[in-house]
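What follows is each chain in one-letter form.
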Amino acid sequence: MKIINIENQSGTPKYKQIVSSVEIAIAENRLQKGDRLPSVNKVSLEFSISRDTVLLAYDELKKRGIVFAILGKGYYIKSVEFSFEQRIFCCLMN
């Protein structure tokens with residue numbers, strides 16, 4: 001089960017894609033309270049992005065009260081109770 005998805009061609013910053021991926025996984029019940037997120041190093045290596053980018057995303061999730069960190073252990077889901085708004089752009093062509 002893949003939790004995080006990053007599209008390189010997207011105009012959305014990668015850290016925001018990580019935040020959104022976690023929120024979507026929670027909304028779809030693929031992540032539950034207490035579940036562990038992939039490690040910063042694992043996400044960084046899998047998507048060839050900076051560790052700082054992953055840390056920025058995880059820190060944003062911490063600020064929102066969605067995750068918490070245990071030093072030396074990782075990041076875990078703290079709450080599945082949050083306001084989730086998914087924005088979808090739709091273009092109709094004739």
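Anyway, here's the lowdown on the structure attached to this text.

Definitions and limits used
- Residues numbered from 1 in each chain as written.
- Predicted model: local features only at pLDDT ≥ 70, side-chain atom pairs only at ≥ 80, totals over all residues.
- Heavy atoms only, no water.
- Helix = DSSP H or I, 4+ residues; strand = E, 2+ residues; numbered from the N terminus.
- Buried < 20%, exposed > 50% of the residue type's maximum accessible area, 1.4 Å probe, protein only.
- Areas by Shrake-Rupley, 256 points an atom, 1.4 Å probe, with all protein chains shown as cover.
- Core = buried A, V, L, I, M, F, W, Y, C linked by side-chain atoms within 4.5 Å.
- Contact = heavy atoms within 4.5 Å.
- Arc of directions from axis to C-beta.
- Pairing = 2+ DSSP bridges.
- Phe/Tyr/Trp six-rings, centres within 6.5 Å; stacked < 30°, edge-to-face > 60°.
- Polar contact = N/O pair within 3.5 Å; in protein donor to acceptor, adjacent residues only side chain to side chain.

Side note on the overall build of the protein
Okay, so step 1: Assigned secondary structure in the protein consists of 3 helices and 2 strands.
Okay, so step 2: Taking all 94 residues of the protein together, 33% fall into the buried category.
Okay, so step 3: Of the roughly 6,600 Å² of accessible surface on the protein, 49% is carried by carbon and sulfur atoms.

Looking at the nonpolar core
One recurring pattern in soluble globular proteins: nonpolar side chains tend to sit buried together.
Okay, so step 1: Grouped together as the largest cluster of nonpolar side chains are 22 residues, with contacts concentrated most on Ile4, Ile18, Leu31, Leu37, Val43, Tyr58 and Leu61.
Okay, so step 2: Residue contributions to this core peak at 5 residues, all from helix 1 (residues 14–27).
Okay, so step 3: Each residue touching tyrosine 58, except ones within four places of it in the same chain, is listed here: Ile4, Ile18, Leu37, Pro38, Val40, Val43, Val67 and Tyr75.

So, helix 2 (residues 40–47)
Okay, so step 1: Residues of helix 2 that are buried: Val40, Val43, Ser44 and Phe47. Projected down its long axis, helix 2 carries its buried residues within an arc of 100°, all on one side. Those residues of helix 2 that are exposed and angled more than 90 degrees off the buried face are Lys42 and Leu45.
Okay, so step 2: Within two residues after helix 2, serine 48 carries a phi angle of roughly 50°, on the positive side.

Quick notes on the pairing of strand 2 (residues 74–77)
Okay, so step 1: Relative to strand 2, strand 1 (residues 67–70) is paired through 4 bridges, and the arrangement is antiparallel. When the sheet's bridge partners are listed, valine 67 is paired in strand 2 with isoleucine 77.
Okay, so step 2: Between strand 1 and strand 2, which pair antiparallel one after the other, the connecting turn spans 3 residues, and glycine 72 there sits at a positive phi close to 80°.

Topic: the environment of proline 13
Okay, so step 1: Tracing the backbone shows proline 13 in the segment before helix 1.
Okay, so step 2: With 40 residues separating them along the chain, proline 13 and threonine 53 place their C-alpha atoms 9.3 Å apart.

Remarks on the packing of aromatic side chains
Okay, so step 1: For the structure on display, the rule yields 2 aromatic pairs.
Okay, so step 2: Centre to centre, the rings of phenylalanine 68 and tyrosine 76 are 5.7 Å apart; their planes meet at 25°, and the pair counts as stacked.
Okay, so step 3: For phenylalanine 68, a relative accessible area of 32% translates into the label partly exposed.

Things to note about the environment of glutamate 28
Okay, so step 1: Along the polypeptide, glutamate 28 turns up in the loop between helix 1 and helix 2.
Okay, so step 2: Look at glutamate 28 and you get partly exposed, because its relative accessible area is 48%.
Okay, so step 3: A distance of 2.9 Å separates polar atoms of two side chains, one belonging to glutamate 28 and the other to arginine 30.

Side note on the environment of asparagine 8
Okay, so step 1: For asparagine 8, the position within the fold is in the segment before helix 1.
Okay, so step 2: Remark: the alpha-carbon pair of asparagine 8 and phenylalanine 47, spanning 39 residues in sequence, is separated by 9.0 Å.

Shape is all these values report; function is a separate question.
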